[in-house]
Amino acid sequence: MATGPDSPHASTHVIVFANEKGGTGKSTTAVHVAIALAARGARVACLDLDHRQRTVGRYLDNRAETIKRTGSALPMPRHATLSAQTEDQFEDLWHALCADSDFLVVDTPGRDDRFARTAAALSNTLVTPMNDSFVDFDLIGQVDPETFQVTRPSFYSELIWDARKQRARADGTTIDWVVLRNRLQHIEARNMRRVSDALVQLSKRVGFRIIPGLGERVIYREMFPAGLTMIDAKEFGGMGLAHVAARQELREMMAALQLPELVTETAPRAAAPSSPGPVSDVAA
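Now for a description of the structure that goes with this document. These figures come from a predicted structure and were not determined experimentally.

What counts, and where the lines are drawn
- Counting starts from 1 at the beginning of each chain's written sequence and moves along it residue by residue.
- Only residues with pLDDT of 70 or above have their local features reported here, since the model is predicted, and side-chain atom pairs are shown and tallied only from 80 upward, although totals for entire chains, interfaces and linings are computed over all residues.
- Calculated side-chain values reflect all of the structure's heavy atoms, with hydrogen atoms and water omitted.
- The secondary structure listing takes helices from DSSP runs of H or I that are at least 4 residues long and strands from runs of E that are at least 2 residues long, numbered from the N terminus.
- Using a 1.4 Å probe on the protein chains alone, a residue whose accessible area is under 20% of its type maximum counts as buried, one over 50% counts as exposed, and one in between counts as partly exposed.
- The contact definition used throughout considers only heavy atoms, calling two residues in contact when any of these lie within 4.5 Å.
- Among the buried residues, those of types Ala, Val, Leu, Ile, Met, Phe, Trp, Tyr and Cys that are joined through side-chain atoms within 4.5 Å form a nonpolar core.
- In what follows, salt bridge is the name for a side-chain nitrogen of Lys or Arg lying within 4 Å of a carboxyl oxygen of Asp or Glu.
- Only strands joined by at least two bridges in the DSSP assignment are considered to pair.
- To obtain an axis, a line is fitted to C-alpha atoms, over the contacting stretch when the element is a helix, and the angle between two such axes runs from 0 to 180 degrees between their N-to-C directions.

Section: the overall build of the chain
Within the chain, the regular secondary structure consists of nine helices and nine strands. Buried residues in the chain amount to 51% of all 284 residues. In the chain, the proportion of contacts linking residues at least 24 apart, taken out of those at least 6 apart, comes to 78%.

Next up, the structure:
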């Protein structure tokens, strides 16, 4: 795994969302975490490493357009996409986005990617979202088909294990690896219990935390064109029960992530920069 840029911005807490499987709600969760932090007054930047789908980049572009169109004072992170896919651009964007940021939120492709591996090794909090199924679990561990007991960690767990050891040796940092259970359903209770039991077993072997994520709700997909999140309650008008439940899920997830508190919670800093658009031009 590459060591990546030697960041001088030690005060920036790096949150990387990484899973080599797609369809786990990774990008939606990353955007919600970024906006939730910005709404608290944190200075937040986002880096989208998936130059093909560019979900986080498009989400925040849509949000910038909504701000421009409506004049709403929505919390808005700086953001950029690794479009050139070169080591130089990666290093330049990393430094530019970390500068004057409390948090850098990084979204990675749902596939094996060299920059995703570098970002994971540079993270403070590494979040691996997964759906509640053994198809997703297979990325991090293998189970016996009859007993559903964990037989061994899979390649991704071994990759993260190696990254954490390298980081600890390099600068003494302990990467907090969090497995986030997204899109939980209220059906197939037996399968959910089996997956839950397997996760607990594996967590004791390879050292990750397990927290609840965001449910499977249509509202998350409907908000994308306007770049809105569950933080933006005033933009919805009347809120139904689904909105209230989704906001509670987000609160619980943010608390479970155990991210550093801002230095001055009572006097938050302005969340939005003078220009809310992308910063791709700073290091093209």
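Some details on the nonpolar core
Core analysis: the biggest nonpolar cluster contains 39 residues, and Ile15, Val33, Leu37 and Met254 have the highest contact counts within it. Looking at this core, the elements with two or more residues in it are strand S1 (13-17), helix H1 (26-39), strand S2 (44-48), helix H2 (55-70), strand S4 (103-107), strand S8 (176-182), helix H8 (218-222) and helix H9 (241-257). The element best represented in this core is H1, accounting for eight residues. For valine 33, the contacting residues outside a window of four places in its chain are Ile15, Phe17, Met253, Met254, Leu257 and Leu259. Within the second largest apolar cluster, 38 residues are counted, among which are Leu47, Phe115, Ile160 and Ile175.

Things to note about unusual backbone geometry
Phi is positive for arginine 54, close to 50 degrees, though the residue is something other than glycine. Relative to the helices and strands, arginine 54 is located in the loop between S2 and H2. With phi around 55 degrees, glutamine 258 is a residue other than glycine that occupies positive phi space. Within the fold, glutamine 258 resides in the segment after H9.

Quick word on the pattern of salt bridges
Under the counting rule described, the total for this entry stands at twelve salt bridges. Where arginine 43 meets aspartate 102, a salt bridge forms, and the shortest distance between an N and an O atom there is 3.1 Å. Of the two residues, arginine 43 sits in the loop between H1 and S2 while aspartate 102 sits in the loop between helix H3 (87-98) and S4, which places them 59 residues apart along the sequence. On the basis of relative accessibility, which here comes to 12%, the residue aspartate 102 falls in the buried class.

Points about the sheet that holds S2
Ordered in space as S3-S2-S4-S1-S5-S8-S9, the seven strands form an open sheet in which the pairing is parallel. Edge strands, defined here as strands with exactly one partner in the open sheet, are strand S3 (78-81) and strand S9 (209-212). Taken over all neighbouring pairs, the strand axes of this sheet differ in orientation by 20 degrees on average, direction set aside. The pairing of S1 with S4 spans five bridges and is classified as parallel. If you follow histidine 13 over to S4, its bridge partner there is phenylalanine 103. The sheet strands contacting H2 are S2, S3 and S4, and the helix crosses S2 at an angle near 135 degrees.

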